[in-house]
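So the chains spell out like this:
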Amino acid sequence: MTTLAPPGARGARALLFGYGAIALVMTQLPPLFPPNLPALHVPLWYLLALLACGTGALTARPAAHRRLTAGLCWVLLACTVVQAFVVADLIAMFCSWLVVPAMSLLAGRLPRRQHKALVAAHVVSSASWVGTAVTFVAMSVVALTTEDVHVAAVVYELMATFDTTLLPWANLATSLSGIALGLTTAWGLVTYHWVVTKLSISVAILVMAFGFLHDALESAGEQAARLAAAGGGPDGIDAAADVVFWGFGVALLSLVAALLLSLYKPGGRTRWGRRKRTAPGRPAIPVVVAETRTIAADTVALTLRSTGGGRLPGWEPGAHIDLVLPSGRVRQYSLCGDPAELDEYRVAVLREPAGRGGSAEIHQLRAGARLRIRGPRNHFPLETAPAHLFIAGGIGITPFLPMIRRLHADGAPWLLLYRGRSLRSMPFADALARQYPHNVRLAPADTTARPDLHRLLAEAPAGVGVYCCGPASLLDAVAGAMPPHGVLHTERFAAADRGDHRPDLPFDAELRRTGSTVHVPAGRTLLAAIHDVDPTLDASCEEGVCGSCITRVLAGAPDHRDSLLEAHERDRTDVIYPCVSRAHGGRIVLDI
Ligand code: FES
């Protein structure tokens, strides 16, 4: 029996052990500034080292220890805050940047309520930080322009008080809640340009504050107090006053920029984010069928649980898994459950009499059957857009269920057009129509006319994200009706006929890690040639649809022939689906 450690446990462990090492070093070093409670300073560092290392060690244990680990993380965070703000050790404040990411990695995706609470904390702390920065700029203008040095002295004293009380809290709360939000959602920390920029702004302000702003403020305050006592004028204060004004001015503008970034989320994915979206799969996970249920004509829903009862890997709406069936067949199915519930996965499977036997085998499965799964992978993620239009054909509804749940929870605008042979054959149709009567349009072919796709798409708002999943005829119809003001995302059941039948030219593929080179003649696939040398490379559909065989390209130009990369991704040179794609230029180097 195997039990999975929580997703992200390895990263959390590294952070916690790193913290433990820092805490141990700090027991031997003198504090940067005299602490408020010297007697507590070293013992607390020892306690922090013990807590961090102990919690780190627990993360390697099975999921049964999750509550204990989470509890210890909270104790560690509380003790860190005490060391930082009560005992007053600056290093402890920076160590909270290790504890919160570790907690977030261990938590994974949060339940909706906790997520909303975190968003609220981030919004409130950001607003406090901006408000404090506005106040600082206003006060520095008063101090800079007043004729009365007593006023300047009082203003600088006030600013110095806020600088060591309100400001660090606002900065810390905003940064940490932002990091926690990033790590517990699909936004991540380095997946999107706008998140990276926001994080850089927070770090830059922190560096500026501790690098010179605090000293400049103290210096200006001391000079003003001295001049006030000696009967001098405010023009006796040196350039420190200008540094204070410009420093807080730049910080305020940066914070406003960060707020706008959160609002508009420009820039799309980073290079790493694009790679992660199509990252190779993880090893197979043993699961047990917990429940099978007929949910529509010829359609069965399976609930899958880890054989050890632990958590399954986290996923995002649009993800699919490979089901490795008892016969050895491998089939892909979209996850249609709730991404927040990681103790089980749900998939729905339509029996296809004309298929290759995979769906028929699944319909024979009963509760208790043991399978393996690979993934989840996500080639169909929910991207940010001003509005979303989902167009589903039959069983193509499945990837949209978690997307709809997510958008509905966020209060974002969306519409679903759901087409099928008849209501009886359309899984989840009744429930969707009941739950979202204003957003769902059912269009069973036996009782309703063919929907006017041109009109529907033309009326969609500018920038609309159009998501289509279903039979090829539906996908082709939607692609043909797409207006220029929308962005189309598709998921196919079968390979697309792109109508660009290029000749199969021979080429060589260097498998860098294996240290060998394979020749791929015309009429043979790159996947088959790789399997001669490395039969462990995953593959399933062998039609460029499932994404199982995704491989990193180190050099050379792929000739993409898959049905996974969208039109704007077809010039990518970092990835290839070798079951169908080939190489331009006679040679390609792969990370195999
Ligand atoms: S095996 Fe499915 S995409 Fe290559």
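This structure is a prediction, so every number in the text was calculated from the model and none was measured.

The rules behind each value
Residues numbered from 1 in each chain as written. Predicted model: local features only at pLDDT ≥ 70, side-chain atom pairs only at ≥ 80, totals over all residues. Heavy atoms only, no water. Helix = DSSP H or I, 4+ residues; strand = E, 2+ residues; numbered from the N terminus. Buried < 20%, exposed > 50% of the residue type's maximum accessible area, 1.4 Å probe, protein only. Contact = heavy atoms within 4.5 Å. Areas by Shrake-Rupley, 256 points an atom, 1.4 Å probe, with all protein chains shown as cover. Lys, Arg positive; Asp, Glu negative; His and termini not counted. Charge placed at Lys NZ, Arg CZ, Asp CG, Glu CD. Axes fitted to C-alpha atoms, helices over the stretch in contact; angles between N-to-C directions. Parallel < 35°, antiparallel > 145°, perpendicular 65-115°, else oblique. Left-handed = near helix turned anticlockwise from the far one by under 90°. UniProt positions renumbered as here; feature names shortened; annotations may be inferred. Core = buried A, V, L, I, M, F, W, Y, C linked by side-chain atoms within 4.5 Å. Expected span 1.5 Å × (residues − 1). Phe/Tyr/Trp six-rings, centres within 6.5 Å; stacked < 30°, edge-to-face > 60°. Patch = residues over 30% accessible without salt bridge, like charges linked within 9 Å, V, L, I, M, F, W, Y side chains within 5 Å. Salt bridge = Lys/Arg side-chain N within 4 Å of Asp/Glu carboxyl O.

This part takes up the overall build of the protein chain. Each helix and strand in the protein chain was counted, giving 16 helices and 16 strands. Summarising its shape, the C-alpha atoms of the protein chain cover approximately 95 × 55 × 55 Å along the three principal directions. Among the 592 residues that make up the protein chain, the fraction classed as buried is 49%. Sequence-distant contacts in the protein chain: of pairs separated by 6 or more residues, those separated by 24 or more amount to 70%. Summed over its atoms, the accessible surface of the protein chain is roughly 27,200 Å², and 61% of this surface lies on carbon and sulfur atoms. For the protein chain, the centre of its 53 positive side-chain charges and the centre of its 46 negative side-chain charges are spaced 10 Å apart.

Our next topic: the packing of helix H6 (residues 149–164) against helix H9 (residues 240–264). Contact geometry for H6 and H9: axes closest at 13 Å, N-to-C directions at 50°. For the element pair H6 / H9, the angle class is oblique. Handedness of the H6/H9 crossing: left-handed. In this structure, H6 uses Tyr156, Met159 and Asp163 to contact H9, whose residues at the interface are Ala241, Val244 and Phe248.

Here we take up the UniProt feature "transmembrane region" (unreviewed entry) in the protein chain. Summarizing the sequence annotation, UniProt attributes the feature "transmembrane region" (unreviewed entry) to residues 12–30, 42–60, 67–85, 91–110, 117–146, 166–188, 195–213 and 243–264 in the numbering used throughout. As a span, residues 42–60 carries 89% helix and 0% strand, and end to end its C-alpha atoms are 28 Å apart.

The next subject is the nonpolar core. Membership of the largest hydrophobic core comes to 38 residues, with the highest contact counts inside it found for Phe136, Tyr156, Met159, Ile237, Val244 and Phe248. Residue assignment for this core shows that the elements contributing at least two residues are helix H5 (112–145), H6, helix H7 (166–183), helix H8 (193–230) and H9. Counting residues per element, this core draws most heavily on H8, which supplies 12 residues. Non-local contacts of Ile237, meaning those with residues more than four positions away in its chain, are made with Ala152, Tyr156, Ala220, Gln223, Ala224 and Leu227. Formed by 32 residues, the second largest nonpolar core is a distinct cluster that contains Ala12, Tyr19, Leu51 and Leu206.

Over its 21 residues, helix H2 (residues 38–58) runs 31 Å from end to end, which matches the ideal 30 Å to within 8%, given 1.5 Å per residue. Along H2, the positions that sit buried rather than exposed are His41, Leu44, Trp45, Leu48, Ala49, Leu51, Ala52, Thr55, Gly56 and Leu58.

Applying the stated rule across the entire model yields 11 aromatic pairs. Between Phe380 and Phe400, the aromatic rings sit 6.0 Å apart at their centres with planes inclined by 45°, giving tilted as the arrangement. Note that Phe380 is positioned in the loop between strand S6 (370–377) and strand S7 (388–393) and Phe400 in helix H12 (residues 400–410), a separation of 20 residues in sequence. Taking relative accessible area as the criterion, Phe380 reaches 1% and is therefore assigned buried. Measuring from centroid to centroid gives 5.7 Å for Phe390 and Tyr467, while their planes differ by 50°, and the two rings are tilted. Remark: Tyr467 occurs in strand S10 (residues 465–470) and Phe390 occurs in strand S7; sequence separation between them is 77 residues. A residue is classified by how much of its surface remains accessible, and Phe390, at 0% relative accessible area, is buried.

Side chains of Leu37, Leu40, Val82 and Val86 sit close together on the surface and give an oily, nonpolar patch of about 280 Å² of accessible area. Note that Leu37 resides in the loop between helix H1 (9–28) and H2. Judged by its relative accessible area of 35%, Leu37 falls in the partly exposed class.

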